[in-house]
Amino acid sequence: MYIRKPFLLIVLLTRMLYVYSQEEGFIFRDAKFPENLQSQVITDVIRDSAGLLWMATSGGLCRYDGNETIFLNNKSKPAIPNSRIKTLFPDRQNNLWIGTENGLVRFDLRSWEMNFVKNPELDQYVHKPDIECIGQGRNGNIYAGSFDGRLYQVNGDSLKLLLDINRDYPNHFNKPSIVSISEPYAGELWVSTKAGKMIRLRIREGYLSPPTYFGLPELNNTEIEQVHFHPSGKCLLNIKDRGLYLFDTQNGTFDQIPALERNQVGKDGTVYMAPFNNDHILIFTNKASIGKEQLFTYNFPTNHVSKQEMTYPDNLKDDHIVWFKNLGNSLLMSLNNHVLELLPTNHRFHTLLSNGTSINSIRSIYKHSDGTLYVGSYKDRFIAINERTGEKETLGGQFVYRILPWSKDTLLLGTEGSGLLWFDRKKKRLSSIRLSLAAKSEKLPVEAMTTLTRVSHDSVWVGTYAGLYMVNPYSKTYRVVKHPKLARLKILHVTPVGKKLWIGTPEGLFIWDCQTNSLQTNALGNAVYCITPVDDTFWIGTHGEGVWILDGNGAVRQKITNEDGLADDIVYSILTKADHVAVATHNGLSMIDKQTKQIANYSRLDRLPANEFNQAAAFQQGNTFYLGTINGLLYFNAEAPRVPQVRRLTKTTPLNITSFTTERAGQGLERHYTFPYKQDKRLIIEAGTRYFTIGFGGVSELAKELQFFYRLDGHLDWLPLGRRQEITFVETPPGSYQLHLASRLPDGRWTNASLIVPLQVNPTFYQTIWFKCLLVLFFAIIIWAIFKYREYIQIKERRLRISIASDLHDEVGSSLTRIYYQADSLNSKINGWSGENKQLQQIADTSRQALSTMSDMVWSIDSRFDTIKDLVIRMKDYLYKLQEEVDFQYKFEIRGAYASNGLSQIVRQNLFLIFKEAVTNVIKYGDGSEAIIELVIDNTIHLSIKNTCSNPKELFVNHQGGRGLQNMKERAAKMNAQLSIVEENQYFQVHIILM
């Protein structure tokens, strides 16, 4: 049997224990399926241990996790060995067992690998038997039943034959196919067959006893299609064309159920059964004389059958049931090409006109005292409905927005596009009220009526899309409220308060004085949908600001908003009775205690037909409230027992990390789906991952209503995801995190759907501590090598300078010395003064000067003198020799420690030459007074040479401003020193600062 498209986003009601009574009954709701499943032909559906759905299709296998659908076939990875899947079974060890026409396949969900289970007898992969069903014993053993009546046990990666019906009963049965395998009672493995037999194999110390066959002779070769065991030891069997039998597993007796026997259920047509809870089995049949409109409920403890009339959507009334099954307390029914969900009704709320497949928006409601319920809707237009049976009677094709009782048998209707209408209840006839102009200057009222409020026996306030009118329906006349503000506004609600009208509009609340035609505005700036008197106050339903409670003068007493627990801040209707107020909003129903203001919220999770209500589609008769939604009519007894005002969510919402996608350089996208089945619940992000996406979900009824939030680590703020069920992280720094996921309903209530997942982002090699240490070490080695190389170069340079200095001193110095002494010797031998004497003297003087210059050069080149101490000695030596040669008075002050300080050759040479040049200038251009030389050594070197002169400005310009000063500046620049020359008050100073 094939389950036809479109299939199945199955909204599971997980882990929820329902308490059933015939008074509660069941209703249908459309299952909303993802589009990519709608084209699939589904042959089997199961739910695994993580709560995710697996579906066998004509083209392979798919998984749905509430967010994403994964398709697997013979070309996917992993590839399915055989795409013709007949049955699926999830075990408790996170394996998915796949029965195919060519054997049994094990899909390990933890490793995401598939393998055929071998048959040792054939010494090859199984191409037969054709696997019909799979089951698991209480000890974890996996069993498989075949089309040809063989029972196998999985032993490692092989099949072990346990039972062969054809061998036990040769040529006895036409189709001994095994239908089901289970161990409902400890130590008893039960097998049902299409041979009309139930088979028991007792398990003793891990071994199976010989099989015991149970069945009636008249049931031989009949097909047992479905089996449901009860803890009492009784079993309900659906036997094709024979009906439903109660099989007692303890004494082996078969009995028919009288109530079902009387109705001939199963004797003709097909029966569809699904367990509702431990004690109840729900039964449908397509038997022509019964039809799918009858739902039978079998009670095991009482052996009683109850019956309920079911109502189907109009477009599915003629469709046939294809299958009906329970997936973890989710009841699903396929009607040809559509799947519905069967839900138990809430003990408090009741629904009418809810369409399982299309929207049926309810716009107006009125219930007559005789019990007739009149409804205006977009789908059915104007109808009367039997509240007990749900039967509808069409009364007119107009869109009725408002229904106002006028007399015992007359209703006044306000419509969209058809103006005002009379409705005669007895004659069931509609008649138009064609209004006439009261004055030529007045315009005709808009035909779209939004509100009706009776004033007297012959007058009614009529609100329209453009203005407010006073209408006499008998004389068919009207007058316009001529206030310019009201004349252009859409009127949403009108409530008389004394001699004034409180008027709700899209621009807020207005209070109009009928006598003075004056208009008072309220602080409300948002649309006002409804105005309801509650005791001595008025409760105002607004668009976006919740409920405002005003006193009779329009002053605000209190506000109730979503932050206070209101289901939503858009409020369409308000009804009140006794101590409670019902507030119908854009996102659910709120019941508010008038005294304490405690709030209880209800939504589709509580079996409301929809979360969104319609504006002013509300009616109250006694304790019963009627409210229109965008998909059906809700009614309930306001004084009925209710759940506590401060409710806790009783539904468990599964939430799992369902997919994990990474993108790594050179490897592209990689998708992983094994996380829900692994014991290690950490997410490991491999090194080099540029971004990763975490998909999460859980197939539950709550999932559609939830808003999701996440954060990394518990101390951070929650970040909203909306209804999006995936998170993408880009270039996440390495480290350990805690990924927190949480969810809440739109009304602000946090659910128990939460998750904490350890997240480890592994670093790439260049992000690791050891790499950083190696990097630091590498740079340290480079710096050390550079330092050592520079040290080597400096040593080499020093050696070279020493060698050059030594060569100059030894070779050139000795030669110049010889020249000097030879010239001096020759000069002494020549008597008298002649030209020869003068030339020889010049040679001797030049040689002596050259020796002095060479001495300076050797000193500046020789690296052994690269200290401040040697520079000071050189300066003192130069001053001493200079004082011997010329009449030169000076004062040389040295401050600071310098004995161990080094000095580079460039600095030493240029500083000394500047010193010589400055001293030379003092001798040449000074007035002969004492020169003051200061050398200060601390963190910097300060050299100052100061002298007096008779006319410093002239000397500075004509002499000291010559090439010598330029040379000093150039030398200072070579050693990055600051040179300053100052002349003032007959003083001339050269100052050098070397940093």
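Residues numbered from 1 in each chain as written. Predicted model: local features only at pLDDT ≥ 70, side-chain atom pairs only at ≥ 80, totals over all residues. Heavy atoms only, no water.

**Q** Now, about the overall build of the chain: what can you tell me, with residues and values included?
**A** What the chain contains, in helices and strands, is nine helices and 73 strands. Taking the contacts inside the chain whose residues are at least 6 apart along the sequence as the reference set, 54% of them involve residues at least 24 apart. Within the structure as shown, the chain displays about 46,500 Å² of accessible surface, and the carbon and sulfur contribution to it stands at 49%. (Helix = DSSP H or I, 4+ residues; strand = E, 2+ residues; numbered from the N terminus. Contact = heavy atoms within 4.5 Å. Areas by Shrake-Rupley, 256 points an atom, 1.4 Å probe, with all protein chains shown as cover.)

**Q** Give a detailed account of the pattern of salt bridges, specifying residues and quantitative values.
**A** Proximity of charged atoms lets side chains of opposite charge pair with each other. Evaluation of the coordinates by the stated rule reveals 27 salt bridges. With a closest N to O distance of 2.9 Å, Glu 261 and Lys 267 form a salt bridge. Residue classification places Glu 261 among the partly exposed positions, given a relative accessible area of 25%. Residue Arg 425 is joined to Asp 409 by a salt bridge in which the shortest nitrogen-to-oxygen separation is 3.2 Å. Residue Arg 425 is located in the loop between strand E39 (420-424) and strand E40 (429-433), and its partner Asp 409 is located in the loop between strand E37 (400-407) and strand E38 (410-415); the two are separated by 16 residues in the primary sequence. Arg 425 sits in the buried class, given a relative accessible area of 10%. Residue Asp 409 is classed as buried on the basis of its relative accessible area of 18%. (Salt bridge = Lys/Arg side-chain N within 4 Å of Asp/Glu carboxyl O. Buried < 20%, exposed > 50% of the residue type's maximum accessible area, 1.4 Å probe, protein only.)

**Q** Can you tell me about the UniProt feature "transmembrane region" (unreviewed entry) in the chain, naming the residues and giving the values?
**A** Look at the UniProt record and you will see "transmembrane region" (unreviewed entry) annotated at residues 769-789. Secondary structure within residues 769-789 divides into 100% helix and 0% strand; the distance between the first and last C-alpha atoms comes to 30 Å. (UniProt positions renumbered as here; feature names shortened; annotations may be inferred.)

**Q** So what about the side chain of Thr 100? Which residues, and what values?
**A** Examined against the element boundaries, Thr 100 turns out to sit in strand E7 (residues 95-100). At 3.1 Å, the side chain of Thr 100 and the backbone nitrogen of Asn 102 are in polar contact. Not counting the four nearest positions on each side in its chain, Thr 100 is found in contact with Asn 82, Arg 84, Lys 86, Val 105, Phe 116, Pro 129, Asp 130 and Ile 131. (Polar contact = N/O pair within 3.5 Å; in protein donor to acceptor, adjacent residues only side chain to side chain.)

**Q** Residues and numbers for the packing of helix H6 (residues 868-885) against helix H7 (residues 905-925), please.
**A** The interhelical angle for the contact between H6 and H7, taken along N-to-C directions, is 25°, at an axis separation of 11 Å. Relative to H7, H6 is oriented roughly parallel. In this structure, H6 meets H7 at a crossing whose hand is right-handed. Two secondary-structure elements touch here, H6 through Leu 871, Arg 874, Met 875, Tyr 878, Leu 879 and Leu 882 and H7 through Arg 908, Leu 911, Phe 912, Phe 915, Lys 916, Val 919, Thr 920 and Ile 923. Taken together, the residues of the contact of H6 with H7 sort by class into 10 nonpolar, one polar and three charged. (Axes fitted to C-alpha atoms, helices over the stretch in contact; angles between N-to-C directions. Parallel < 35°, antiparallel > 145°, perpendicular 65-115°, else oblique. Left-handed = near helix turned anticlockwise from the far one by under 90°. Nonpolar A, V, L, I, M, F, W, Y, C, P; charged D, E, K, R; others polar.)

**Q** Which residues make up the sheet that holds strand E55 (residues 588-593), and what values do they have?
**A** With respect to topology, four strands assemble into an open sheet ordered E53-E54-E55-E56, the strand pairing being antiparallel. Since the sheet does not close on itself, it has two edges, and those belong to strand E53 (571-577) and strand E56 (599-602), each with one partner. Ignoring which end each strand starts from, the neighbouring axes of this sheet average 20° apart. (Pairing = 2+ DSSP bridges.)

**Q** Residues and numbers for the nonpolar core, please.
**A** Nonpolar side chains tend toward joint burial in soluble globular proteins. With 35 residues, the main nonpolar core has Met 875, Phe 915, Val 919, Ile 933, Leu 935, Leu 943 and Met 975 as its most contacted residues. Secondary-structure elements contributing two or more residues to this core are H6, H7, strand E70 (931-937), strand E71 (941-948), helix H9 (963-974) and strand E73 (987-994). Per element, the largest residue contribution to this core is eight residues, and it comes from H7. Setting aside its immediate chain neighbours within four residues, Ile 933 contacts Leu 879, Lys 891, Phe 892, Glu 893, Phe 915, Val 919, Leu 943, Ser 944 and Ile 945. Among the nonpolar cores identified, the runner-up in size contains 24 residues, and Leu 655, Phe 675, Leu 712 and Tyr 737 belong to it. (Core = buried A, V, L, I, M, F, W, Y, C linked by side-chain atoms within 4.5 Å.)

**Q** Go over the environment of Tyr 298, please, and point to the residues and values.
**A** Take Tyr 298: it is sitting in strand E27 (residues 294-299). Placed 18 residues apart in sequence, Tyr 298 and His 280 show a C-alpha to C-alpha distance of 5.5 Å. Excluding its chain neighbours within four sequence positions, the residues that come into contact with Tyr 298 are Leu 236, Leu 246, Ile 257, Asp 279, His 280, Ile 281, Ile 283, Asn 303, His 304 and Val 305. A polar side-chain atom of Tyr 298 sits 2.6 Å from a polar atom in the side chain of Asn 303.

**Q** Summarise unusual backbone geometry; cite the residues concerned and give the values.
**A** At the junction of Lys 77 and Pro 78, the peptide bond is cis and its omega measures out at 5° in the coordinates. Topologically, Pro 78 is positioned in the loop between strand E5 (69-72) and strand E6 (85-90). Although it is not a glycine, Asn 303 adopts a positive phi angle of roughly 55°. Relative to the helices and strands, Asn 303 is located in the loop between E27 and strand E28 (304-309). On the basis of relative accessible area, Asn 303 is assigned to the partly exposed category, the value being 38%. Unlike most non-glycine residues, Asp 535 shows phi in positive territory, near 55°. With respect to the secondary-structure elements, Asp 535 resides in the loop between strand E49 (528-534) and strand E50 (537-542).

**Q** Break down the sheet that holds strand E1 (residues 26-30) for me, citing the residues and quoting the values.
**A** What holds strands together in a sheet is hydrogen bonding between their backbones, with the strands either parallel or antiparallel. Pairing is antiparallel in the open sheet, where four strands are placed in the order E1-E31-E30-E29. The outermost strands of the open sheet, each flanked by one partner alone, are E1 and strand E29 (321-326). Taken pair by pair, the neighbouring strands of this sheet meet at an average axis angle of 25°, ignoring direction. Of the strand pairs in this sheet, E1 and strand E31 (residues 338-344) are connected by five bridges, and their pairing is antiparallel. Residue pairing in the sheet places Phe 28 in a bridge with Leu 342 of E31.

**Q** I'd like to hear about the pairing of strand E35 (residues 381-385), residue by residue, with values.
**A** In terms of burial, E35 is a largely internal element, four of the five residues being buried. Inspection of the sheet shows strand E34 (residues 373-377) paired to E35 by five bridges, in the antiparallel sense. By the bridge assignment for E35, Val 375 is matched with Ile 383. Counting the residues in the hairpin turn of E34 and E35 gives three residues. Across four bridges, the pairing between E35 and strand E36 (residues 392-396) is antiparallel.

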